[in-house]
Structures are given as C-alpha cells and as structure tokens.
Amino acid sequence: MDRPSHFLRLFLAHESDLRAYVATAVRVPGSRDDVMQEVALALWKSFDRYDPRQSFGAWARGVATHKVFDHHRRESRRLVLLSPEALEAVRRAFDEAETDGGTVRQEEEALGHCLKSLPPRSAELVGLRYSERAGIAVLADRRGTTTAAIYQQLSRLRAVLGDCIRRRLAENHPSEASPATSLRIRS
Amino acid sequence: MNDSLLVEKHLADGLTDEETATLEAAMGGDPAVASRLVAAARMDQRLAARLGPGRSELACLAGLKRGRAKAHSIARWRRPLAVAAALVLVLGLAAAVGAWMRSIGSAHSDSMASDPPRATRPFVPARVSARPDRVVDPPRVESETTAMVSLRRFLSRYYLPDLKLETARPLDEALEHLLQRAREVNHLKNPVIERLSAELAAAEEGDGRPETVVALPLKHVSLMDGLTWMAALNRSEVFLKEPGVITFRPWEPAENETLVTEVVRVRRDLLPSEVGPDPFGGTTEAPTVPRLTPIELFQSWGIAFGEHASASYDEATAAMTICHTASTIRAIKELLAMGSARPLVMIMISTKILEFAQARPIKGDLLTDQQFQLWLREMNQTKGVDLLTAPQLTTRSGQRAMAEVTKEVVEPMEREADRSETEVDWQGLRIPIEPILEGEVVKLLGAVEIRLPVNRQAGKLISAEKISAAELVTTATDFEAIIPLGQTAVFSVNESSDGPYFAMAVTVHRADGGGPPVGEPNDAPSPPPESGGQRVGP
C-alpha cells in the first residue's frame, strides 16, 4: 500500500474520534473545525514519523494536542482550551475507549440500526439537532422547554444509542464486545 | 448544573470559565466524568457525520439503506412511467372546444328544472354567462395553442362544489369520479363537459391499471385543480395537447430517490388546531377536535408514508419538516402550493326587493343583464311599484351568509300593566343565503323574510308610526335557484297572500380577489365567520 493510501485509510478510520477529541479540547465550538484542519495537515506532514506498531489514534491525539496548543499560542489565546490536566484526563479516556477500525465500522452499522429504532419524538430531536443543525436554544424554543431540558434529552439519547450499539455488537459478536468496553462507553 | 449537563453544554455551546472550572474539577476528582465526556463527544461526532448537512443520503434518520431505496425507486417509476405515458384524457376534439367557444354569449333555452315550483323555486338557466372571466390564469405550457389555453382557462373556472372519495382509489377510478362530478353540475349542458371522457390506454406491462391511488378530499375546486391534484399524486403534470387532449406527463425521475429531509412552510390553518375553551363564550363545553398529524393529513391526500418516512409540524414557525423521497416531497410541495395559490371563490349576491300596491304575480324567471335593466325600467315607470331595499352581500362559495336590513323593536310585553318587561323584536328584511358555485352557475339556497308594520306607508321600509303600537306582518318564503353568473332571477315573494305584495330579484357575480386557499383538504375551519356576509344598507 502506498503512503497516501495508507495514511488515508488510517486517518478516515480515526477521523471521527479525532474530531471528538478536538471537540473536547477546544471550548469554542466555532474554532473546532479550524483546529481539525490544522491537525489533519500536521498528521500528513509527520506521517513518516508514525510507528505502525503503535496505535494510530493515540499517536494522532498526541499530534493533535501539540497542534491545539500551537494554535492556541499563535492565535493570541483566542482559543479557550481545557486545562492541561483535564486534557490529559480526556486523552487517557480516549486511549481506553479506542477501538480498531473494524469495530468502528461495526459500531457505525449498529448506530444506523439504533437510530431507526428511536421513538418519533426522539428521532425528530436528533434530526433537528444534527441534520438541521438547530441550536440548543432553538430546539428549546421549538419544543417549548428549557435549554437544560434539551441538554438532558440529548444526553439521554446518546446514552440510549450507546446502549443500543453495545447490545447489537454483543448480539452479533459476543466475543468482541468485552465488558470492559461496555463499562467505558456507558455514561 | 450537573456533570452530564456540563458535558452537553461543552459540546454544544461551550462553557463559561466558571463552568469549565467546575467540569475540570469534576474530571480531576472522578475519571468517569472524563469517560462520559469522551463517550458523549464520540457519539456527537458520529451523529454529526451520519446526519449532518451535505450528507443527503443520511440526512434522514430513516434513509440509511441507500441501495435498497434506489432499487425501490426504479421499480416504483417503471409502471407509472408506462401508465402515465399511456394515460390520456380525451376531452372532445377541437370541434368541441370550438363549439364551447362559440357558445359563449349564445343563448340556451334548455330547461334544467324538472320539479314544479313548490315552497322552493328552482330556476331554469337560460343562457351562458357572457361575463368576463376573472380567474387568474394558471401556469401555461408554452406549446399550448390559443384553443388549448382557452380550454385550460375554462377548466380553471369550472368549479365543483366538492370532489371527494371516501377511500383512496386507483387513478383511473378517481379520474372517472372527477368527470362524473363535472357532468353532474353541468347545468348549462356545456358541450365541452358533455363530451368529456377519459380514455385509459393499456399499459405496457401489468393489467394497465396504475398503481397510484388518489384520495380526493377537495371542496370548491376547479376542474383544472382537480386534475392537477391527481397529476401531482401521480408524480406528473397536466399537459394539454391538440385537439383537446389532456395527458399526464410524468416528471423526470429523480436521480436519487433516497430519503431526504426538507422544511416546508405551510399555512397556519393547514392542520386544524385543537379547540380549547372559548374565553368569551361563557361555556365550559368547548368542542374538542382531535388534531390531525402531518402524516395523517398527507395520507388522507393519498401520499404513502413508508416505514422510515416522517413528517412533523412546528406550530410556532408553521414549518413542516418532511422526511421522504425527493419526488414525494416535490408532490407534497405542489399540493401545498396548489392549495395556497387557488383563488378564493367569492360570490357577490345583489338583491332588490320591490313592493307592489296590487297583486302582481311574477313567475320565476331568469333574465340577462340587459333584460333585467329593461324590466327594472319598466317597474320604475309603473305606478304602485316601489323599490323597498337593495341589499348586497359577498361571501365565499359554500359559506352561508345573511343580508339584513332591520331595525330593532322593543315591545312591552304588558303594555298597560308592567312596562318593565319587554321583548326585543325586529322589523325589516332578512335574507339568509348560501351560494355554491357549480360548474358555471351559482346554486342559491336561501330564504327571504320581510317583517313590516301593518299601518306603515307603502314603499317605506321604516315607517314613521309609533312602532310600539304597530303590529308586524311577516312575509316569508324559501327559495332555491340555479343562476348562471351575471344573470338575475326574479320571483314573487308572496304571490298567494292578500298582501303586501313583494318581488325579489337576485343577481350573482363572481367577486374573486385572491386570498386564502379554497382547498380545505380536511375541512379546516374557514376564516370568515358564519355571518360573514357583507351587509349593505338599502
């Protein structure tokens, strides 16, 4: 496999988790895409230094952490980050929760099934939030409730989807869904 | 704010410094908090990647089986394409259109009324209205000839009071129902309508019957709108071809028939609201009408919602979020647009009440505008004939209204003994009336009631006598008339009584000025109130 193909295969397999990591590290949602672009570029430039025996996800998060801080310094501290200690805790949690590319694909498939099993009102909320990109305040206004209630509903929805994914993976591949994995994902 | 809410807010909107400090402290004290943050962030990213904008194949929660949806779309289009290409409505040839065009302004003497006059008075339309058409032209197809444009205009102003099927039926059956209704209200025996026929050629496959099922929940709809409605449900457009042929031309199949989500603005009265207690009604027994869901509404129109399709309505913004295939969403939008664009069918009813000093029976007659003017002039020059009042009202087709020229009369119940108790009565004229546009005529269902003091001066509505001393005499009759637009029906109100003697003239016109939609797919409440008629004094 040539270098670009190899990089792309690994990057695409871990892109979602990497975006999630950047999202946790950067407190301003509007800056997360900018940081992610820089991280992707930095990963490609330094891909020669990647040791295939190591986890690509862990290596990428390490690079991302440096880029996040670089960006933070260059942009005159406009990016508000979590503290280094909190960021380190997040990195450890990501490392523990990391799955390989095959599992990611299975989880994606399971997510598709789980989304279809959502009750209509929950499905509508998810659709508005992610398809329409409706803000929390807008959702609260539409549903005649508070933003705290919307946060709560989204939190529960994610938990329900996470449980559903784990159930499906356990049904389809009992040996691959370890209890430890379930415990880490459960929220 | 607990940890879960902090996590959600961090991902969605960002945290304040204080909230960030709280979250960081929680993560420092309990590693599980960091795990929850990570789990939430991962799920958030996966959902955004799967459902986010720009990912049309995943934009709908249900649209996850792209391959299956594609295959389904091809199968779904094969038969409608074949059938729609073969579906031809023969409306009569150009001769029929020409005959209709020539018939404008020419007289018909056919009698349409078969029942003899009793308490009600059926009227015989005698002439095709020569009144200029006020209907807004529907969109035209460029290649249509002048004759076909005229035909389209005619179909657009030919109104059916209702076009309903209790259950969704195959397209050809629904089409036959539409043609049958058109003939039923063809009081003027218009040759175009008489020769209207549907011809359904055999399809290239199957038994030739289209799979499309059509529901018809329409009221006060033009023939053209009825055809357009069916065409949209059949994913087609109505196209007129010479000589007088209507075809349903199928839309181009969409390239991608996977489920997509679209937000469509709709009329606020599209879904009838649940009725709550009327704060001014003084009653606690408010009727409650179950509200239709958007899916129920669309299904009542004949649009199927499969397992993964959905529709939701946001009352605050009057926005409908529809998740369906692109072609179905287009059909829904066309049906919604058709309902919003259809002109409000408004009927102006002009009446004249004449009083005769002597009995002068007038057998029900129908007059053209010219004939009516001559008749009025003759009455004006006749001694002992007075124009009592001439109220006029405008109301929508199918809406009952009241023309009223009255004065309140307060009568003591015990004139001599106790004047504290009184009852309220009225004198004057009341004409409750309901016009229904049928084809090219207006069907009027109404009554006229005249209550006047006995000892008043003839020809005066409100006399100068002391009302409290007057005795009121009531003259009333019901009537039913079928009057071509622009014409006038005249008849005696009380030809068999001993007097006073009255005659009534009723003229009907279209008074459309655009406005809210006419279509009421689910019998949504009408904007004008029950007494929506416009009262005009004598």
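What you are looking at is a predicted structure, and each value in this text was computed from that prediction instead of being measured. (Residues numbered from 1 in each chain as written. Chains lettered and ligands numbered in written order. Predicted model: local features only at pLDDT ≥ 70, side-chain atom pairs only at ≥ 80, totals over all residues. Heavy atoms only, no water.)

Draft legend 1. Up close: the overall build of chain A. Helix and strand counts for chain A stand at nine helices and zero strands. Each of the 187 residues in chain A was classed as buried or not, and the buried ones make up 46%. Once local pairs closer than 6 in sequence are excluded, the contacts in chain A between residues at least 24 apart make up 62%. Of the roughly 9600 Å² of accessible surface on chain A, a fraction of 51% belongs to carbon and sulfur atoms. (Helix = DSSP H or I, 4+ residues; strand = E, 2+ residues; numbered from the N terminus. Buried < 20%, exposed > 50% of the residue type's maximum accessible area, 1.4 Å probe, protein only. Contact = heavy atoms within 4.5 Å. Areas by Shrake-Rupley, 256 points an atom, 1.4 Å probe, with all protein chains shown as cover.)

Draft legend 2. How the structure looks around the overall build of chain B. Looking only at helices and strands, one finds twelve helices and 21 strands in chain B. Buried residues in chain B amount to 51% of all 538 residues. Counting contacts in chain B only where the partners sit at least 6 residues apart, residues at least 24 apart contribute 70% of the total. Of the accessible surface of chain B, which amounts to about 24600 Å², a share of 50% is contributed by carbon and sulfur atoms.

Draft legend 3. Just the packing of aromatic side chains, in detail. All names here are of chain A. Tallied over the entire structure, the rule returns 15 aromatic pairs over all chains. Centroid distance phenylalanine 7 to phenylalanine 47: 5.1 Å. Interplanar angle 70 degrees. Geometry classified as edge-to-face. In this pair, phenylalanine 7 is assigned in helix α1 (residues 3-25) and phenylalanine 47 in the loop between α2 (32-45) and α3 (56-74), connecting sequence segments 40 residues apart. For the pair phenylalanine 7 and phenylalanine 47, one class covers both residues: buried. Geometrically, the ring pair formed by tyrosine 50 and tryptophan 59 is tilted, given 5.2 Å between the ring centres and 40 degrees between the ring planes. Each of the two residues, tyrosine 50 as well as tryptophan 59, counts as buried. (Phe/Tyr/Trp six-rings, centres within 6.5 Å; stacked < 30°, edge-to-face > 60°.)

Draft legend 4. Structural detail: the state of the cysteines. All names here are of chain A. Enumeration according to the criterion identifies one disulfide over all chains in this entry. Here cysteine 114 engages in a disulfide with cysteine 164; their sulfurs sit 2.0 Å apart. The sign of the -90 degrees torsion about the S-S bond sets the cysteine 114-cysteine 164 disulfide as left-handed. One end of the pair, cysteine 114, is in helix α5 (residues 101-116); the other, cysteine 164, is in helix α8 (residues 147-172), and 50 residues separate them in sequence. Given a relative accessible area of 10%, cysteine 164 falls into the buried group. (Disulfide = S-S within 2.5 Å.)

Draft legend 5. Looking closely at helix α2 (residues 17-29) of chain B. All names here are of chain B. A rise of 1.5 Å per residue sets the reference length of α2, with its 13 residues, at 18 Å; its end C-alpha atoms lie 18 Å apart and thus fit the reference within 8%. Within the sequence span of α2, burial applies to Glu19, Thr20, Leu23, Ala26 and Met27. Along the axis of α2, the buried residues cluster in a sector spanning 125 degrees; they form a single face. Turned more than 90 degrees away from the buried face of α2, the exposed residues are Asp17, Glu18, Ala25, Gly28 and Gly29. (Expected span 1.5 Å × (residues − 1). Arc of directions from axis to C-beta.)

Draft legend 6. Geometry of the environment of A:Cys114. Looking at A:Cys114, the relative accessible area reads 1%, which means it is buried. Excluding residues within four positions of it along the chain, A:Cys114 makes contact with A:Leu161, A:Cys164, A:Ile165 and A:Arg168.

Draft legend 7. Representation of the side chain of B:Thr325 in the model. Looking at where B:Thr325 falls in the secondary structure, it is placed in strand β11 (residues 319-325). One polar contact links B:Thr325 to B:Thr328, side chain to side chain, over a distance of 2.8 Å. (Polar contact = N/O pair within 3.5 Å; in protein donor to acceptor, adjacent residues only side chain to side chain.)

Draft legend 8. Structural detail: the packing of helix α6 (residues 120-131) of chain A against α8(A). Residues and elements named next belong to chain A. At a closest axis distance of 11 Å, the pairing of α6 and α8 adopts a crossing angle of 105 degrees. On the basis of their axis angle, the class for α6 and α8 is roughly perpendicular. Contacts between α6 and α8 involve Ser122, Leu125, Val126, Arg129 and Tyr130 from the first element and Ile150, Gln153, Leu154, Leu157 and Arg158 from the second. Looking at the contact of α6 with α8 residue by residue, the class counts come to six nonpolar, two polar and two charged. (Axes fitted to C-alpha atoms, helices over the stretch in contact; angles between N-to-C directions. Parallel < 35°, antiparallel > 145°, perpendicular 65-115°, else oblique. Nonpolar A, V, L, I, M, F, W, Y, C, P; charged D, E, K, R; others polar.)

Draft legend 9. Fine view of the sheet that holds strand β9 (residues 259-265) of chain B. Residue and element names in this part refer to chain B. Reading across from one edge, β9-β11-β10 is the order of the three strands in this open sheet, with antiparallel pairing throughout. Single-partner strands in this sheet number two, and they are β9 and β10 (310-314). Each strand of the sheet is rotated relative to its neighbour by a mean of 15 degrees, with strand direction disregarded. Bridge count for β10 against β11 is five bridges, and the pairing is antiparallel. Of the residues in β11, the one forming a bridge with tyrosine 313 is methionine 320. Running at roughly 120 degrees to β10, helix α10 (residues 294-301) makes contact with β10 and β11 of the sheet. (Pairing = 2+ DSSP bridges.)

Draft legend 10. Local environment of unusual backbone geometry. Residue and element names in this part refer to chain B. Positioned with a positive phi, lysine 189 is a non-glycine residue whose angle comes to about 50 degrees. Examined against the element boundaries, lysine 189 turns out to sit in the loop between α7 (171-184) and α8 (191-194). Even without a glycine there, the phi angle at histidine 220 is positive, about 50 degrees.

Read these as geometric descriptors, not functional statements.
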